[in-house]
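So the chains spell out like this:
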Amino acid sequence: MLTKSQIKLVKYSIIIFLALFILVYSAGLLPGTDKGDTIKILWDKAQQGEINKQIDQGYMVAVNPTRIVIDQIGVDTLVSNPKTTNATTLDDYLKQGAVRYYGSGFVGSGNMFIFGHSSGWTVVNNQAYKTFNGLKDLKRGDIIKVYGGSSIYEYKVSSVVMKLASEVEINFDSTKNMLTLTTCNVFGDKEDRYIVEADFIQ
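What you are looking at is a predicted structure, and each value in this text was computed from that prediction instead of being measured.

Quick notes on the rules
- Residues numbered from 1 in each chain as written.
- Predicted model: local features only at pLDDT ≥ 70, side-chain atom pairs only at ≥ 80, totals over all residues.
- Heavy atoms only, no water.
- Helix = DSSP H or I, 4+ residues; strand = E, 2+ residues; numbered from the N terminus.
- Buried < 20%, exposed > 50% of the residue type's maximum accessible area, 1.4 Å probe, protein only.
- Contact = heavy atoms within 4.5 Å.
- Areas by Shrake-Rupley, 256 points an atom, 1.4 Å probe, with all protein chains shown as cover.
- Core = buried A, V, L, I, M, F, W, Y, C linked by side-chain atoms within 4.5 Å.
- Salt bridge = Lys/Arg side-chain N within 4 Å of Asp/Glu carboxyl O.

### Overview of the overall build of the protein chain
Looking only at helices and strands, one finds three helices and 10 strands in the protein chain. Reading the protein chain from its N end, one meets helices and strands in the order α-β-α-β-β-α-β-β-β-β-β-β-β. Looking at the 202 residues of the protein chain, the share that counts as buried comes to 38%. Long-range pairs, those at least 24 residues apart, make up 60% of the contacts in the protein chain between residues at least 6 apart in sequence. When the accessible surface of the protein chain is totalled, it reaches about 11,600 Å², and 54% of it is carbon and sulfur.

### A short note on the nonpolar core
Core analysis: the largest hydrophobic core is formed by 21 residues, its most contacted members being Ile68, Ile70, Ile144, Tyr155, Leu179 and Leu181. Secondary structure elements with two or more residues in this core: β2 (67-70), β3 (75-80), β5 (111-115), β6 (143-148), β7 (151-164), β9 (178-184) and β10 (192-200). Sorting elements by how many residues they give to this core places β7 first, with three residues. Residues in contact with Ile68, not counting those within four places in the same chain, are Val75, Asp76, Thr77, Val79, Phe132, Ile144, Lys145, Val146, Leu179 and Leu181. Among the nonpolar cores identified, the runner-up in size contains six residues, and Leu90, Leu94, Phe113 and Phe115 belong to it.

### Focus: the pattern of salt bridges
Under the definition given, this model contains four salt bridges. Ionic pairing is found between Lys145 and Asp71, a salt bridge with its closest N-O pair at 3.9 Å. In this pair, Lys145 sits in strand β6 while Asp71 sits in the loop between β2 and β3, placing the two residues 74 residues apart along the sequence. The class for Lys145 is partly exposed, based on a relative accessible area of 27%. You can call Asp71 exposed: its relative accessible area is 56%. Across the pair Lys95 and Asp92 runs a salt bridge, and its minimum N-O distance is 3.8 Å.

Here is the structure:
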């Protein structure tokens, strides 16, 4: 039988735990609770819709990324390719690893946009929340390998910047063959995004 002082201690412990949980959740510090603004996607939807239609009907060959490896920061993860831009669906895929944004380029063709979670927590149950940990540590000239089909495509990092999500613009209409990676800044404001751009080399 608990004494009155023990019951009081349990009550206070529960209240403190709930208060801390609500505070951490509100700050967007839990995996899957990103409170950041939406990144601006610049692309011609009509044009991209026609491209996707041709791909779906088999008139155009497009190679989706299936895996991304960045040796310098210990990244080796699968890449999902959902045919939707629905935020809830994309969030579900992010729980499995990195995600290619539907409507962006393909491996070796156009501006391929891939994003993933990162976490400052030492221990996480789902390792996908640490998919792009260390992205901020990449340097110009570092090599990123993207697997697609039966080939490995290499990209060389050209820039690494941190911006507010509301300031980030990803242009899919670029004819340049390149790769854009992004993740949130887990050690700062959740609205911050690290953006890595890399040029296709082979």
